[in-house]
Amino acid sequence: MYTYEDLKTLYFDWLTAEKKAIVVVNAEASIAYDLRKIETEVDEANKTVTLLKIPEPELSINPNIEYYDLQQAYLNPFGADDYNKIRQQVADSLRTTIERSTLMTNAENRLISELQKIFVLTNSMGWTLQYKGTSIETEAQLQDLEL
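These lines cover the structure that appears in this document, whether it is placed above or below.

Reading the values: rules and limits
Each chain has its residues counted from 1, running along the sequence as written. With pLDDT at 70 or above as the cut-off, local features in this predicted model cover only qualifying residues; side-chain atom pairs require 80 or more to be listed or tallied, and sums for whole chains, interfaces and linings still use all residues. The basis for every side-chain value is the complete set of heavy atoms in the structure, and neither hydrogens nor water enter the calculation. Helix and strand labels come from DSSP, where a helix needs a run of H or I of at least four residues and a strand needs a run of E of at least two; each type is numbered from the N terminus. Just to be clear, the radius of gyration here is over C-alpha atoms, and the globule rule we use is 2.2 Å times residues to the power 0.38. When a residue's accessible area, from a 1.4 Å probe over protein chains only, is under 20% of the maximum for its type it is buried; when over 50% it is exposed; and in between it is partly exposed. Two residues form a contact once any of their heavy atoms are found within 4.5 Å. Each accessible area is a Shrake-Rupley result for a 1.4 Å probe, and residues are judged covered by the shown protein chains and nothing else. Note on charges: Lys and Arg go in the positive column, Asp and Glu in the negative column, and His and the chain ends are not counted at all. Lysine's charge is taken at NZ, arginine's at CZ, aspartate's at CG and glutamate's at CD.

### A look at the overall build of the protein chain
Turning to step 1, where the next piece is worked out: Helix and strand counts for the protein chain stand at three helices and seven strands.
Turning to step 2, where the next piece is worked out: What you see in the protein chain, going N to C, is helices and strands ordered as β-β-β-β-β-α-α-β-β-α.
Turning to step 3, where the next piece is worked out: The C-alpha radius of gyration of the protein chain comes to 25 Å, more than 25% above the 15 Å expected for a compact globule of 147 residues.
Turning to step 4, where the next piece is worked out: With the C-alpha coordinates aligned to their principal axes, the bounding extent of the protein chain is approximately 80 × 25 × 20 Å.
Turning to step 5, where the next piece is worked out: In the protein chain, buried positions account for 26% of the 147 residues.
Turning to step 6, where the next piece is worked out: Long-range contacts, defined here as pairs at least 24 residues apart, represent 63% of the contacts in the protein chain between residues at least 6 apart.
Turning to step 7, where the next piece is worked out: Carbon and sulfur atoms provide 48% of the accessible area of the protein chain, an area that totals close to 10,200 Å².
Turning to step 8, where the next piece is worked out: Side chains of the protein chain carry 14 positive and 24 negative charges; the gap between the two charge centres is 4 Å.

See the structure below:
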């Protein structure tokens, strides 16, 4: 739930025109890593797969915004700019909330799970998996990666 207020002063601050809205927001949010963007290098001679780049997490927010109790003055009506400002403030607030939540940690855990599959595959074939110049010898090392 979000409250929006805007006060416009007119005639050298003698007259004010206020507008208010109560906004209810329901949002779906997800954080994902696009595994297609992983950059690798395969060295067949040394049987090594090097992870060159792991993509940054992608945050997707799909808010459903409903406006209630719109109050506006004749000299300060709601316009497209107001709705855009409300949408941006809602998106910023949601982004901050999401970054403080466990969604980021959950996404990193899913990424590590996928990297473990690569590790198991390379290890089962007798190959070595490397990241940032370090050979990954155990699955526990994957848990400690600096992403």
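Next, the rest of the story.
### Regarding the side chain of T122
Turning to step 1, where the next piece is worked out: With respect to the helices and strands, T122 occurs in helix α2 (residues 103-124).
Turning to step 2, where the next piece is worked out: Classification of T122 by relative accessible area gives buried; the value is 7%.
Turning to step 3, where the next piece is worked out: If we skip the residues at most four places from it in the chain, T122 touches V49, W127 and L129.

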